Amino acid sequence: MHTPALAVLRTPLVAVYGTLKRGLRNHHWLDGADFLGEDRLTGTTLYDLGPYPAAKLEPSQGIAVEVFRVDARLLTDLDRLEDYRVRTPREGDYDRLVHATAFGPAWLYLYNRPVAGYPVIREGAWQPR
């Protein structure tokens, strides 16, 4: 169990793949974060839920992410946005775990709910409708 401050000590990086990316509707939640660059993750598959995507730990051809350096306050805000519950991570909409990126280990939010029947994205980026 990690509080956001301890989580930032573990890694101050977060990899985003949906509405938090630059130019999309929730990017303002990352105001003050340092953009490090883009990467492709092959251990993650996206599902298009409509207004936002969901990531699952499943092999892919490489889904596009943006990596940012965050502080404890920003990570706490992202946890709230993603309904990540520090004490009971499997009960919220998303869990988060550390995933390897080209910029070092980064937090990645993974969807806890079922995704059967949703369109699958195994390569590239989620596109908002």
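Placed above this text is the structure.
What counts, and where the lines are drawn
Residues numbered from 1 in each chain as written. Predicted model: local features only at pLDDT ≥ 70, side-chain atom pairs only at ≥ 80, totals over all residues. Heavy atoms only, no water. Helix = DSSP H or I, 4+ residues; strand = E, 2+ residues; numbered from the N terminus. Buried < 20%, exposed > 50% of the residue type's maximum accessible area, 1.4 Å probe, protein only. Polar contact = N/O pair within 3.5 Å; in protein donor to acceptor, adjacent residues only side chain to side chain. Contact = heavy atoms within 4.5 Å. 1 Å grid on protein atoms, 1.4 Å probe; cavity = no way out; pocket = protein on both sides within 12 Å on 5 of 7 lines; lining within 4 Å. Points joined across faces, edges and corners; volume = space filled by probe spheres on them. Nonpolar A, V, L, I, M, F, W, Y, C, P; charged D, E, K, R; others polar. Pairing = 2+ DSSP bridges. Salt bridge = Lys/Arg side-chain N within 4 Å of Asp/Glu carboxyl O.

Q: Tell me about the side chain of Asn-112, and please be specific about residues and values.
A: Relative to the elements of secondary structure, Asn-112 occurs in the loop between strand S7 (104-111) and strand S8 (120-121). Residue Asn-112 is classed as buried on the basis of its relative accessible area of 12%. Here the side chain of Asn-112 touches Pro-89 through a polar contact of 2.8 Å, landing on its backbone oxygen. With sequence-adjacent residues up to four places away left out, Asn-112 is seen in contact with Lys-56, Pro-89, Arg-90, Glu-91, Gly-92, Asp-93, Tyr-94 and Asp-95.

Q: I'd like to hear about the layout of surface pockets, residue by residue, with values.
A: One number sums up the size of the largest pocket: a volume of about 240 Å³. Thr-19, Tyr-52, Pro-53, Glu-82 and Tyr-94 are, among the 15 residues lining the largest pocket, the residues nearest its centre. In the lining of the largest pocket, the residues fall into nine nonpolar, three polar and three charged.

Q: I'd like a description of the sheet that holds strand S3 (residues 45-48), backed by residues and values.
A: Strand-to-strand pairing in sheets goes through backbone hydrogen bonds, with the strands running parallel or antiparallel. Taken in spatial order, the three strands of this open sheet run S4-S3-S8, and their pairing is antiparallel. Because the sheet does not close on itself, it has two edges, and the strands there are strand S4 (53-56) and S8. Examined bridge by bridge, S3 and S4 share four bridges and lie antiparallel to one another. Across the sheet, Thr-45 pairs through a bridge with Lys-56, a residue of S4.

Q: Mind laying out the pattern of salt bridges, listing which residues take part and the relevant values?
A: Inspection of the entire model under this criterion finds nine salt bridges. The salt bridge partner of Arg-96 is Asp-79, with a shortest N-O separation of 2.9 Å. Note that Arg-96 is positioned in strand S6 (residues 94-101) and Asp-79 in helix H2 (residues 72-81), a separation of 17 residues in sequence. You can call Asp-79 buried: its relative accessible area is 4%. Within this structure, Arg-22, Glu-38 and Glu-66 form a network of salt bridges that share partners.

Q: Help me get a handle on the side chain of Thr-45, residues and values and all.
A: Relative to the elements of secondary structure, Thr-45 occurs in strand S3. There is a polar contact of 3.1 Å between the side chain of Thr-45 and the backbone oxygen of Glu-58.

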